[in-house]
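Spelled out from the first residue to the last, the chains are:
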Amino acid sequence: MENDGDRGVVWRRDAVRIQTRAGRDATEQWLDIAAPAMALPRDTVLDGELVIWRAGRVDFGAVRSRSSARGRRLAGLMQQWPATFAAFDCLMLGARDLRGRPYTERRAALLDVLEPLGPPLQPVPATDDVDVARVWYETLTAQSVEGIVAKRADGPYRANRSWKKIRHNESMDVAVVGYVGPPGRPRRLALRLPDGRCVLSRPVSAVVSAEVAEHIAGSGPGVASAWADDGEPYVTTGPGLVAEVASGTTRHSTVTVMRLR
């Protein structure tokens, strides 16, 4: 099952570190996950989703607000809407590297290590029954569950998405190559699509804009002489920024950005 949250890896060593998919340290934003994760065995690493539930639904907007908050605002959000870590894989347990082991073995290790702890650290539901998976897929959209993930029972862990996602709304990851608007508040993004086209997105959310502005501040303002395929100008930005976009929109001249990766 796939929740609409932020991908995160929980590292329990001498302390706990929470790392985003992009490799950024996000421990400060998810202290309500880091604190209970100290109960994990030392040298344990879990992969999963950072999720916030509001009124019985997964709220991705609340997740993004948490990710960009600091100081008093962050403390207030933690108190108002506590987070859950929906773990879907166990990569290391007590210094034993499990990445090369079959998924069934990693799943058993995940259940064993989380069973004594309980929420907010909990395993995602899993089944090998196709009919049960179909029911989940068809009924859990009311809770904002994006879809389901199919993994080979005998497959090793691979960080490059070797599993299959079956979503109600399909998406794809594309490179962000620039932006339109002031560097402190970009309005639209220039995106390099898999077919080689460079297009400008629809106006992005305030959360995405703030995250891009942070990237721009770290990578420099770029060059203001780039042009999208439709002739519109944009300012380039440094490499390493990836956006998840609604795949159905990539047939058009403007693309909908769902979030940054």
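Note: the structure precedes this text.
Cut-offs and rules
- Residues numbered from 1 in each chain as written.
- Predicted model: local features only at pLDDT ≥ 70, side-chain atom pairs only at ≥ 80, totals over all residues.
- Heavy atoms only, no water.
- Helix = DSSP H or I, 4+ residues; strand = E, 2+ residues; numbered from the N terminus.
- Buried < 20%, exposed > 50% of the residue type's maximum accessible area, 1.4 Å probe, protein only.
- Contact = heavy atoms within 4.5 Å.
- Areas by Shrake-Rupley, 256 points an atom, 1.4 Å probe, with all protein chains shown as cover.
- Core = buried A, V, L, I, M, F, W, Y, C linked by side-chain atoms within 4.5 Å.
- Polar contact = N/O pair within 3.5 Å; in protein donor to acceptor, adjacent residues only side chain to side chain.
- Axes fitted to C-alpha atoms, helices over the stretch in contact; angles between N-to-C directions.
- Left-handed = near helix turned anticlockwise from the far one by under 90°.
- Nonpolar A, V, L, I, M, F, W, Y, C, P; charged D, E, K, R; others polar.
- Salt bridge = Lys/Arg side-chain N within 4 Å of Asp/Glu carboxyl O.

What follows concerns the overall build of the protein chain. Each helix and strand counted, the protein chain has six helices and 17 strands in total. Counting all 261 residues of the protein chain, 48% fall into the buried class. Restricting the contact set of the protein chain to residue pairs at least 6 apart, pairs at least 24 apart contribute 61%. Split by element, the accessible area of the protein chain, about 12,900 Å² in all, is 54% carbon and sulfur.

The next point concerns the nonpolar core. Counting 25 residues, the largest nonpolar core has Val10, Ile18, Trp30, Ile33, Leu46, Phe85 and Leu114 as its most contacted members. At the level of elements, strand E2 (16-20), helix H1 (31-37), strand E3 (44-54), helix H2 (60-68), strand E5 (83-93) and helix H4 (103-114) are the ones that each hand at least two residues to this core. Ignoring sequence-local partners within four residues, the contact set of Trp30 consists of Ile18, Leu50, Ile52, Val63, Arg66, Ser67, Met78 and Ala83. Residues Val204, Val212, Val245 and Val255 belong to the second largest nonpolar core, which totals 18 residues.

The subject of this paragraph is the environment of Arg152. Inspection of the secondary structure puts Arg152 in the loop between strand E8 (147-150) and strand E9 (164-167). On a C-alpha basis, the gap between Arg152 and Pro102 in space is 8.3 Å, while along the polypeptide they are 50 residues apart. Among the polar contacts made by the side chain of Arg152, one reaches the side chain of Asp154 at a distance of 3.1 Å.

Two elements in contact, H2 and helix H3 (residues 71-80), have axes whose closest approach is 9 Å; the angle formed by their N-to-C orientations is 145°. The element H2 and its partner H3 pack so that their crossing is left-handed. Contacts between H2 and H3 pair Ser65, Arg66 and Ser68 from the former with Arg73, Leu74, Leu77 and Met78 from the latter. Of the residues that constitute the contact of H2 with H3, the class distribution is three nonpolar, two polar and two charged.

Next up on the list: the environment of Arg192. Checked against the element boundaries, Arg192 lands in strand E11 (residues 188-192). Look at Arg192 and you get partly exposed, because its relative accessible area is 38%. Discounting residues that sit within four places of it in the chain, Arg192 has contacts with Val174, Ala175, Val177, Arg197 and Cys198. Side-chain polar atoms of Arg192 contact the backbone oxygen of Gly196, separated by 2.9 Å.

Moving on: the pattern of salt bridges. Taken as a whole, this structure holds eleven salt bridges when the rule is applied. Arg17 is the partner of Asp25 in a salt bridge, and the nearest nitrogen-oxygen pair spans 3.5 Å. In this structure, the salt-bridge partner of Arg106 is Asp89, at a minimum N-O distance of 2.7 Å. With Arg106 in helix H4 and Asp89 in strand E5, this pair connects stretches of sequence that are 17 residues apart. Judged by relative accessible area, Arg106 falls into the buried class, the value being 3%. One salt-bridge network, held together by shared partners, links Asp14, Arg42 and Asp43.

Here Pro119 and Pro120 are connected by a cis peptide whose omega angle stands at 10°. In this structure, Pro120 sits in the loop between H4 and strand E7 (121-123). Residues other than glycine seldom take positive phi values, yet Asp43 does so here, at roughly 65°. Tracing the sequence through the fold places Asp43 in the loop between H1 and E3. Of note, the phi angle at Ala95 is positive, near 75°, even though the residue is not glycine. The topology assignment puts Ala95 in the loop between E5 and strand E6 (96-97). With relative accessibility at 48%, the residue Ala95 sits in the partly exposed group.

Turning our attention to the side chain of Thr44. Relative to the helices and strands, Thr44 is located in strand E3. Only 3.4 Å separates the side chain of Thr44 from the backbone nitrogen of Gly94, close enough to count as a polar contact. Once residues within four sequence positions are removed from consideration, Thr44 is found in contact with Val10, Trp11, Arg12, Met92, Leu93 and Gly94.

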